[in-house]
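A closer look at the structure
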Amino acid sequence: MSQNIKSLALLSSLLSCVLVGQVCAAELKVVDKITVPGAGVESFDISYMDQKTNRFYLADRTNAALDIIDASTGKFIAQIPGFIGAGKSGATAGPNGVVVAGNEAWVGDGDSTVKVINLKTNKIVDTIATGGKKRADEVAYDPKNQVFIIANDKDEPPFLTLISTKPGHKIIKKIDLPDATDGIEQTIYYAPKGIFLTAIPELKGEEGMGGIAMIAPLTGAITKVMKIADCAPAGLAQGPGHNVLVGCSTGGAKTKLKPVTIVLNPDTGAEVARIAGIGASDEVAYSAKNGQYYITGRDMPNGPIFGVIDAKTNTLVQSISTGGNTHSVAVNEANGHVLVPTPKSAGTCDAGCITVYDIK
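Notes on the structure follow.

1. Some thoughts on the pairing of strand S4 (residues 65-70)
Judged by how many residues are buried, S4 sits mostly within the fold: five of six residues are covered. In sequence, strand S3 (residues 55-60) turns back onto S4 through a hairpin of four residues, with Ala-64 there showing a positive phi of about 50°. Across six bridges, the pairing between S4 and strand S5 (residues 75-81) is antiparallel. Looking at S5, one finds that Ile-68 is bridged to Ala-78. Here S4 folds back onto S5, and the loop between the two strands holds four residues, one of which, Gly-74, carries a positive phi near 80°.

Okay, here's the thing in structure tokens:
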């Protein structure tokens, strides 16, 4: 086919989308599969992208380590040991949540501690106990006040811990959440209001009623809890403007909520969109460069799905079958690459890998 004919065909396709009111969006395609040394990739938790350095971090339970990858080149940089590993139970496994604060990586571990890693030496330089009996899990960071927050989601009651990332690493406050009757999920720093938002899958034992807690970083005060019906909030991602994406999980065996993903405005509490057909998720992400949200629909009825939502129209534009417990995602804004840790059990890479997608 000549280049002119190809161009005419593309133009015809775009005009067709416009005329019938469809969403036209470039699709994600696999462009790389990054191998992880050691025992490969099977059990893992959160992945995180440091946009300042273009480095990708994976909480790698299989190798009981924090993996670091150059997301611009796909080169594996380091595997930092010193964590609990997969163990016998997810409730005491680690590493878990990870975030970068300055020249340090802060990582939750399975023994209710936070490991602080100096990224110049790639060594653990501090271990901070949160005082729980089970894992210290998902995390977030307030760069303005230099405050780190971490959830002990499996303790009863579940609780959050605020810690200063300034020298001395002082614990600011422990925040008990007795109304979170099915644990705690992802926390993000919501820059428009300078607060933390924490996903709560179930409020006060009411099936199908979840919420988002608003938390002041310096005092730990819970200023408001937004209720969200027919959703067990799990993943959170700051989108364009004041929009926040809420990835809803299924709520467990007793509830079995229908798959759904929600966009809301935390300033007003209003739902911007409720997107059916994708959900049952864990971690979610947003790319300003690509103008898309990414959903790890690991518990979709017909098998795990990686969903792509157009952030302008809040419309599902692509569903990619993944397999295995594929539940983590991060985006490199420098090149628009989407990195998805893919376990060996998914069957798409021999020992598991980091699957890299790009818009083509």
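2. With respect to unusual backbone geometry
Glycine aside, residues mostly have negative phi, and peptide bonds are mostly found in the trans state. Note the cis peptide between Gly-94 and Pro-95, where omega equals 10°. In this fold, Pro-95 is placed in the loop between S5 and strand S6 (98-101). Residue Glu-156 is joined to Pro-157 through a cis peptide bond whose omega torsion reads -10°. Locating Pro-157 in the fold gives a position in the loop between strand S11 (147-152) and strand S12 (159-164). For Asn-122, which is not glycine, the phi torsion reads 55° and is therefore positive. Tracing the chain through its elements places Asn-122 in the loop between strand S8 (113-118) and strand S9 (123-129). Positive phi is not limited to glycine here, since Ala-280 has a value of about 50°. With respect to the helices and strands, Ala-280 occurs in the loop between strand S21 (270-276) and strand S22 (284-287).

Rules and cut-offs
- Residues numbered from 1 in each chain as written.
- Predicted model: local features only at pLDDT ≥ 70, side-chain atom pairs only at ≥ 80, totals over all residues.
- Heavy atoms only, no water.
- Buried < 20%, exposed > 50% of the residue type's maximum accessible area, 1.4 Å probe, protein only.
- Helix = DSSP H or I, 4+ residues; strand = E, 2+ residues; numbered from the N terminus.
- Pairing = 2+ DSSP bridges.

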